Structures are given as structure tokens and as C-alpha cells.
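An overview of the molecular structure
Listed below are the residues making up each chain.
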Amino acid sequence: MPRLPAPGYPADVRERLEADAREIIGRYPQSRSALLPLLHLVQAEEGFVSPSGIEFCAEMLDLTTADVTGVATFYTMYRREKGGDFHVGVCTNTLCAVMGGDEIFATLKDHLGVGNKGTTSDGSITLEHIECNAACDYAPVVMVNWEFFDNVTPASAKDLVDEIRAGTTVTPSRGAKLCSFRETARILAGFPDPRPGAVDEGGAGGAPSLVGLRIAKGHNPDGDAKTGA
């Protein structure tokens, strides 16, 4: 396969990435299985999966760049071009759309002055409408760097992006305080979250998500055990 027209990483960056990549690859019995976290690793370096990152992953895993590109372009969690420090994804799939997702997305486009996949002039936010976040019981949902913000309204969505752009510490509905997109990508690559207390702040299923489970276990939604059944 021909090589991509991509510059290699500087020597110091390459050395650091290779050390991290070997650690990731060592977790898997077959090296190819390490491709997804390796893509997060290179995304953490540049903020997106660049041709240089694709070539690096291919070399480390003895794959073709076509193999790596096919995976990187299949999953929407990998950026194909540079974006902001915070990825704001508004779910516009069926239930979220019905509950106000379309209105939220239109409001944010107007408020931020960008279109879909557009980045604000200060480089802080990239806005995108995205498919189902598997949090329909909290619709409409917005995700920032893959952290959940539940039951969002157009007004609260505007407040959210304003706080992010102002540099305010923002805490999602479920999960640890927000960190940058690159920092998130490194965590998704499988490296420890260095922020004190972040692991303990990790999100979990809330009451709406657990209603079905409670019913399946023979309890009413309010937690009282059923009788006579």
C-alpha cells in the first residue's frame, strides 16, 4: 500500500507516543485489537485523527493505512479535522428531537454563530448534532466531551456553553467535571484520569434509567416490593 502524504511526528513526540502505544498494545493478545485505543491516543496528541496519526497507528500495529482509515472513519467519536477544546454534541435523534433537541441545536447554532461541526472563533467549542446517546430517559440530552447533560432546555444549553467559554468549572449531570477534548481522548485510550477525585465523581445510572430494572426484579418503580406475585 502507498504511504499517506503525512509528515512523521517530531522525534520527541514519536518516542513518547511509542512508549504509550506499546503499553496499550501489551494489554491485548492480538495487537490489532489495540487499534481503537491507539486512535484515541493520537487524537489526544493533535485533537483529531490526522494522516500522521493514521500512519503511526498502522506502523505500530503492522496494518495498512487503509485498514486504519476504515476504522477511524467508521466511528464518529474520532474527529477527522481539528476542532475546539470542547465538543458539544446535541442529540437530534427521535426522542430528543421530539422533546426539544432540534430547538436546542438551532438555538446553539445561532448563539455560537457556527453551523454543524463548526468551531467558535476562540477555538473553545465545536458544535455538532449527533445520533442517539443512549440516554433517552433524560431527553433532551447534550453531551460535552462525552459527558452527559440531562433534560436540557434552550436556555440551559446557552448557559452551559457560556460557562465553558468563560473558563468556569462545569460539572455534568452524571460524571466528573469537564476536561478538554484531548484530555478526554487520553482517558479513553485507557490511561488513568489524573484529576483528583474524578474517578469517584464518575457517573452512574440514575433513577429513570433503573425503573425497568426495578420492575424486572419484582419491585414497583418507587422501590417497594410487589406482593402476591
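Rules used throughout
Residues numbered from 1 in each chain as written. Predicted model: local features only at pLDDT ≥ 70, side-chain atom pairs only at ≥ 80, totals over all residues. Heavy atoms only, no water. Helix = DSSP H or I, 4+ residues; strand = E, 2+ residues; numbered from the N terminus. Buried < 20%, exposed > 50% of the residue type's maximum accessible area, 1.4 Å probe, protein only. Contact = heavy atoms within 4.5 Å. Phe/Tyr/Trp six-rings, centres within 6.5 Å; stacked < 30°, edge-to-face > 60°. Lys NZ or Arg CZ within 6 Å of the ring centre and 35° of its normal. Salt bridge = Lys/Arg side-chain N within 4 Å of Asp/Glu carboxyl O.

So, on to the environment of Thr171. Position of Thr171 relative to the elements: it lies in the loop between helix H6 (154-165) and helix H7 (181-188). A relative accessible area of 45% means that Thr171 is categorised as partly exposed. For the pair Thr171 and Cys136, spaced 35 residues apart in sequence, the C-alpha separation works out to 20 Å. Ignoring sequence-local partners within four residues, the contact set of Thr171 consists of Phe149 and Lys177.

On to the packing of aromatic side chains, then. Tallied over the full model, the rule gives three aromatic pairs. Taking the centre distance of 5.0 Å and the plane angle of 85 degrees together, the rings of Phe74 and Tyr75 count as edge-to-face. Ring geometry for Tyr75 and Tyr78: centres 6.4 Å apart, planes at 85 degrees, overall edge-to-face. By relative accessible area, Tyr75 is classed as partly exposed at 34%. Relative accessible area serves as the criterion here: at 3%, Tyr78 is assigned to the buried category. Ring pairing ties together the aromatic residues Phe74, Tyr75 and Tyr78, which thus form one cluster. Just above the ring of Tyr138 sits the side chain of Arg174; from NZ or CZ to the centre is 4.2 Å. Here Arg186 stacks its cationic end above the ring of Phe191, 4.1 Å away from the centre of that ring.

For the rest of this paragraph, the subject is the pattern of salt bridges. Tallied over the full model, the rule gives nine salt bridges. One salt bridge in this structure joins Arg174 and Asp150, with 2.9 Å as the shortest N-O distance. A residue pair is termed long-range when its members are at least 10 positions apart, and Arg174 in the loop between H6 and H7 and Asp150 in the loop between strand E5 (147-149) and H6 qualify at 24 residues. Assigned by exposure class, Arg174 and Asp150 land together as buried. One network of salt bridges, in which partners are shared, links Arg14, Glu18, Arg22 and Glu59.

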